[in-house]
Amino acid sequence: MDNIKIVDGTLREGEQTPGVIFTTDEKLQIARELDLTGIELLDVGMPAVSAEEREAISAIAAEGLNASIGVSVRMRHEEIDQAAGCGADEIFLICPVSHLHIKSRLGIDEDRLKRLTEDMIRYATDKKMAVNLVAEDGSRADIPFLIDMLCQSHETGAQSAFICDTVGIMEPFGMKTLTARIREAVPQSMTLGVHCHNDFGLATANTLAAMEAGAD
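Residues numbered from 1 in each chain as written. Predicted model: local features only at pLDDT ≥ 70, side-chain atom pairs only at ≥ 80, totals over all residues. Heavy atoms only, no water.

## Overview of the pairing of strand 7 (residues 191-196)
Here is step 1 of the chain: Where strand 6 (residues 160-165) and strand 7 come together, six bridges link them in parallel fashion. Across the sheet, S160 pairs through a bridge with T191, a residue of strand 7.
Here is step 2 of the chain: Considered for its hand, the β-α-β crossover made up of strand 6, helix 8 (residues 172-185) and strand 7 is right-handed. (Pairing = 2+ DSSP bridges. Helix = DSSP H or I, 4+ residues; strand = E, 2+ residues; numbered from the N terminus. Right-handed = clockwise from strand over helix to strand, strands pointing away.)

Here it is in structure tokens:
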């Protein structure tokens, strides 16, 4: 636990709070203040949301901050193009990994998802952006499949992966067990993070449990 890294998502997740809307100037000021704290990686938005969102992301990317500027994208070439056009250093590639999400949201099967993910990672790395695989609904995924996905993604070029408790169902003991199993199975060269939702007030506890189990 000596080298824990924090990814700050205020500029993306913050606007999911009812009634919260940031102006571009406010986003710039928040990004500057976060950078001053020493946070190394920021998730500053989702380019596909709007032209205004892309304008704000571009402005932050042009600030010359010490932090690496990341943005969230779905499994679409055009969204990766938007991220590159905004000057992002990294992408958070949102990849549904539970059977329910793969089937109901993407309308494909697991084998097709593997091929699609490989294509997206290569497409982004060709554009000189680092790739963080966001394993959406990872807490409900088939664990052997999830491990296989992460290993393949790292081999393709993803530098890190995030296990997401997207629907907030985890508790600390389960989170620690899941993280430990994944950390043991995926290459040590792959940075492993978690993204915990707070439906039952356990996001902090789940995050601390994941850290104890080897999350970076």
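Don't stop here, the text continues.
## Topic: helix 7 (residues 143-156)
Here is step 1 of the chain: For helix 7, built from 14 residues, the straight-helix expectation of 20 Å at 1.5 Å per residue is met to within 8% by its first-to-last C-alpha distance of 20 Å.
Here is step 2 of the chain: Buried within helix 7 we find F145, L146, I147, M149, L150, Q152, S153 and T156.
Here is step 3 of the chain: Measuring from the backbone nitrogen of F145 back to the side-chain oxygen at the start of helix 7 gives 3.1 Å, which picks out D142 as the cap.
Here is step 4 of the chain: Looking one or two places after helix 7, you find G157, whose phi comes out positive at around 145 degrees. (Expected span 1.5 Å × (residues − 1). Buried < 20%, exposed > 50% of the residue type's maximum accessible area, 1.4 Å probe, protein only. Polar contact = N/O pair within 3.5 Å; in protein donor to acceptor, adjacent residues only side chain to side chain.)

## Considering the pattern of salt bridges
Here is step 1 of the chain: Applying the stated criterion to the full structure yields 14 salt bridges.
Here is step 2 of the chain: Note that K27 and E15 form a salt bridge whose closest N and O atoms lie 3.4 Å from each other. With a gap of 12 residues between them, K27 in helix 2 (residues 24-36) and E15 in the loop between helix 1 (10-13) and helix 2 connect regions that are remote in the sequence.
Here is step 3 of the chain: A salt bridge links K176 to E212; its shortest N-O distance comes to 3.2 Å. Note that K176 is positioned in helix 8 and E212 in helix 9 (residues 203-212), a separation of 36 residues in sequence.
Here is step 4 of the chain: Counted as one network, the salt bridges with shared partners bring together R12, E13 and D43. (Salt bridge = Lys/Arg side-chain N within 4 Å of Asp/Glu carboxyl O.)

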